[in-house]
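Structural description and commentary
Residues per chain, in single letters:
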Amino acid sequence: MKVYNTLARKKEEFLPQGDEVKMYVCGVTPYDDAHLGHAMSYIIFDVIRRYLRYRGYRVKYVQNVTDIDDKIIDRANKRHTSIKELAEIFINSFKEDMNSLNIEPPDENPRATEVIPDIIEIVRGLIDRGYGYEARGSVYFRVRSVPDYGKLSHRSLDSMRAGSRIESGEEKEDPLDFVLWKASKPGEPSWDSPWGPGRPGWHIECSAMSLKYLGNTLDIHGGGQDLVFPHHENEIAQSESFTGVKPFVRHWLHNGMVQLGGEKMSKSLGNLITIKEAVDKYSADAIRIFVLSSHYRSPLTYSEEILEAAARGAERLRQTVNNPVSGNKTGKRIDTEPYRKRFSEAMDDDFNTAQAVAALFDLTRDINRYENEGFEAGEARETLKELGGVLGLTFQEREEAPPDAGALAQNSAIVYQTLGLPTPVATDAGDTIKKLIDLRQKLRKDKKWAEADMVRDKLADSGIALEDTPQGTVWKRKR
Ligand SMILES: [Zn+2]
């Protein structure tokens, strides 16, 4: 199995230390809703994790939460809430997003604020070994003490120097040095340390959490290409200097960025599509197929048309898997070995998911074609389901988002008031809708057409569409 390593700038044989692959992927800073860029990254590493298991490895997957950060502090101040509350809201929102995309939760999901003693110990160790120094309550990493600094991002110290400067209030020996521990400003959250009250720098958090949960050497460290420099470069410098063990990471994997209209999707450009917006319109499978149809190291271009096409593809796969198996009329069966082989060969070649997805679509086409010709397709369906599962496909339809309970309650109250009826007690939104449908039925039976239409209109105002079928009236959330 070959994997592209950012450090070596080439594909290398995948060589983990043992049967259990130690995998670390940088997590989010929970101060806002996650967007499609996050979806791309976490879908890719979810698929890599699933594929390693399919290949017989055990995988320990750790992903951190940066729950103390300037952005969280700013946002919490603006919202007049505590950083803890703000982080909690967006940690939960992120978990919901990951779940809605069928991304498996990490084995360990530590928060930076839970490992402050570990961070302090590492910072102290770096100072003792001459890699760190204290200045006015902050601690900095002495970049020039590491001869191979820059090896991941393939930059020279001179080129980095051009882009760095000393901010006012910083007491760095060299503009290249980065912060390990920040002295806190008045009013900011802080922890006691040997250097006074402060909080950890961003880079040291990942070194501390990966060391704590996975040990000195990771098999895979993943993240977006925007994290290569300075974040991952600094993680290497800190971890290798502290433990004395090289390499810190055997395989560095970085995914490309999501593009929208030729630009990177980012908060600063204001062209974000949140995961919630995407999941509201498309199934998890559609979004996964959209992401996996490109190579993970390439930029991924978002457009409605491309996602619509992915949605049609997902629907074709879903129907093929879920169609009832027809009888075996010819005694022939579809040989699935060639598809399995194509799938594995593609994934073994630096996780070429685009080719793997193509193999699944070919299998789908052939199931439909040969089944029409009387072949037995049960095993082929199972294979499609199994390999699709390795890509995290669910073969489920888009999940209907729950109706807006507030609007529904209001409109429901108007209906009963207008008709001069008491508003019945409902257990939840579904129950409210059911009671309104029953009421409309009764009004129609009594030939009170205008009243019945009013019920329908008020449901429509709440985002609920009714459909009268021979089996009765069913409701759908309007798209
Ligand atoms: Zn990180």
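Preceding block: the structure.
To start, this report covers the structure provided alongside it. What you see is a predicted model, and the numbers here were worked out from it, not measured in a lab. Chains are numbered independently. Their residues run from 1 in the order of the written sequence. Per-residue local features of the predicted model are confined to residues with pLDDT of at least 70, and side-chain atom pairs are confined, for both listing and counting, to 80 or more; whole-chain, interface and lining totals are unaffected and use all residues. Hydrogens and water are ignored here; the side-chain numbers use all heavy atoms of the structure.

Focus: the overall build of the chain
We count a stretch as a helix when DSSP gives it H or I for four or more residues in a row; a strand needs E for two or more, and each element gets its number in order from the N terminus. For the chain, the count of helices and strands is 16 helices and 15 strands. Taken along its principal axes, the extent of the C-alpha atoms in the chain is 85 × 65 × 35 Å. Evaluated residue by residue, the chain yields a buried proportion of 49% over its 479 residues. Any two residues whose heavy atoms approach within 4.5 Å are treated as being in contact. In the chain, the share of contacts with a sequence separation of at least 24, taken over all contacts with a separation of at least 6, comes to 73%. As displayed, the chain has an accessible area near 22500 Å², and 48% of this comes from carbon and sulfur atoms. For every residue, the accessible area obtained with a 1.4 Å probe (protein chains only) is divided by the maximum for its type, and the residue is called buried under 20%, exposed over 50%, and partly exposed between those limits. The Shrake-Rupley method, run with a 1.4 Å probe, gives the accessible areas here. Residue values count only the displayed protein chains as cover.

So, the environment of R440
Relative to the assigned elements, R440 resides in helix α15 (residues 429–445). For R440, the contacting residues outside a window of four places in its chain are A452, V455, R456, L466, D468 and T473. Between N or O atoms, a polar contact is any pair within 3.5 Å; within protein, one atom must be a potential hydrogen donor and the other a potential acceptor, and residues adjacent in sequence are included only when both atoms are from side chains. Engagement of the side chain of R440 in a polar contact is seen with the side chain of D468, the distance being 3.0 Å.

A word on the coordination of the zinc ion
Coordinating N, O and S atoms are those within 2.8 Å of the metal (3.2 Å for Na, K and Ca), and as water is not part of the atoms, a site may appear to have fewer donors than expected. Bound to the zinc ion on the protein side are C26 (SG), C206 (SG), H231 (NE2) and E235 (OE), at distances that span 2.1 to 2.7 Å. One can describe the site at the zinc ion as irregular: its four donor atoms subtend angles covering 75 to 131° at the metal. The sequence pattern describing where the donors of the zinc ion fall on their chain is C-x179-C-x24-H-x3-E. With C26 in the loop between β3 (20–25) and α1 (36–54) and C206 in helix α6 (residues 202–214), the pair connects residues that are 180 residues apart, well separated along the chain. In this structure, C26 and C206 share a single accessibility class: buried. For a four-donor site, all angles between 85 and 135 degrees give tetrahedral; for four or six donors, opposite pairs above 155 degrees with the remaining angles between 65 and 115 give square planar or octahedral; all remaining cases count as irregular.

What to know about the sheet that holds β3
Sheet architecture is open: four strands sit in the order β4-β3-β9-β10, paired in parallel fashion. The open sheet terminates on both sides in strands that have one partner only, identified here as β4 (58–63) and β10 (249–255). Looking at each pair of strands side by side, their axes are set apart by 20° on average, direction ignored. Criterion used throughout: strands pair if DSSP finds at least two bridges between them. Where β3 and β4 come together, six bridges link them in parallel fashion. Looking across to β4, one finds that Y24 is bridged to V62. The axes used here are C-alpha line fits, helices contributing only the stretch in contact, and every angle between their N-to-C directions lies in the interval 0 to 180 degrees.

Considerations on the sheet that holds strand β5 (residues 132–135)
Taken in spatial order, the four strands of this open sheet run β5-β6-β7-β8, and their pairing is antiparallel. For this open sheet the edge positions go to β5 and β8 (198–200), each flanked by a neighbour on one side alone. Averaged over all neighbouring strand pairs, the angle between strand axes comes to 25°, with direction disregarded.

Things to note about the pairing of strand β14 (residues 464–469)
In this structure, β14 lies alongside strand β15 (residues 472–477), joined through six bridges in antiparallel fashion. Counterpart to A465 in the pairing with β15 is K476.

Concerning the packing of aromatic side chains
The rule is short: rings of Phe, Tyr and Trp, with Trp giving its six-membered ring, pair when the centres are within 6.5 Å, and they are stacked under 30 degrees, edge-to-face over 60, tilted in between. Tallied over the full model, the rule gives 14 aromatic pairs. Arranged with centres 6.2 Å apart and planes meeting at 85°, the rings of Y54 and F343 form a pair that is edge-to-face. With Y54 in helix α1 and F343 in helix α11 (residues 337–348), the pair connects residues that are 289 residues apart, well separated along the chain. For F343, a relative accessible area of 0% gives the class buried. A ring is considered to have a charge above it if a Lys NZ or an Arg CZ atom is located within 6 Å of its centre and within 35 degrees of its normal. The ring of Y296 is capped by R297, whose NZ or CZ atom sits 6.0 Å from the centre of that ring. The residue whose ring lies beneath R369 is Y370, and the NZ or CZ to ring-centre distance is 5.8 Å.

A look at the nonpolar core
As used in this record, nonpolar core signifies buried Ala, Val, Leu, Ile, Met, Phe, Trp, Tyr and Cys residues forming a set joined through side-chain atoms within 4.5 Å. M23, I43, I48, L52, F343, F351 and L391 are the most contacted members of the largest nonpolar core, which has 69 residues in total. If you tally residues by element for this core, the top one is α1, at 11 residues. For F343, the contacting residues outside a window of four places in its chain are Y51, Y54, A356, A359, L360, L387, V390 and L391. By size, the runner-up hydrophobic cluster in this structure holds 45 residues, among which are C26, V115, V146 and F178.

So, the packing of helix α14 (residues 405–418) against α15
Contact geometry for α14 and α15: axes closest at 11 Å, N-to-C directions at 30°. Of the possible angle classes, the one that applies to α14 and α15 is roughly parallel. Taken as a pair, α14 and α15 cross one another with a handedness that is left-handed. Contact residues: L408, S412, V415 and Y416 in α14; A429, T432, I433, K435, L436 and L439 in α15. Here the residues of the contact of α14 with α15 are counted per class, giving seven nonpolar, two polar and one charged. When describing relative orientation, an angle under 35 degrees is termed roughly parallel and one over 145 degrees roughly antiparallel, while 65 to 115 degrees is termed roughly perpendicular and anything else oblique. Left-handed is the label given to a crossing in which the near helix is rotated counterclockwise from the far helix by less than a right angle, and right-handed is the label when the rotation is clockwise. Gly is placed with the polar residues, together with every amino acid not listed as nonpolar (Ala, Val, Leu, Ile, Met, Phe, Trp, Tyr, Cys and Pro) or charged (Asp, Glu, Lys and Arg).

Considerations on the packing of helix α4 (residues 116–128) against helix α7 (residues 228–243)
Axis separation between α4 and α7 bottoms out at 9 Å; the angle between their running directions is 75°. It follows from the interaxial angle that α4 and α7 lie roughly perpendicular. Each of E121, I122, G125 and L126 in α4 lies in contact with α7, whose residues at this interface are Q238, S241 and F242. Here the residues of the contact of α4 with α7 sort into three nonpolar, three polar and one charged.

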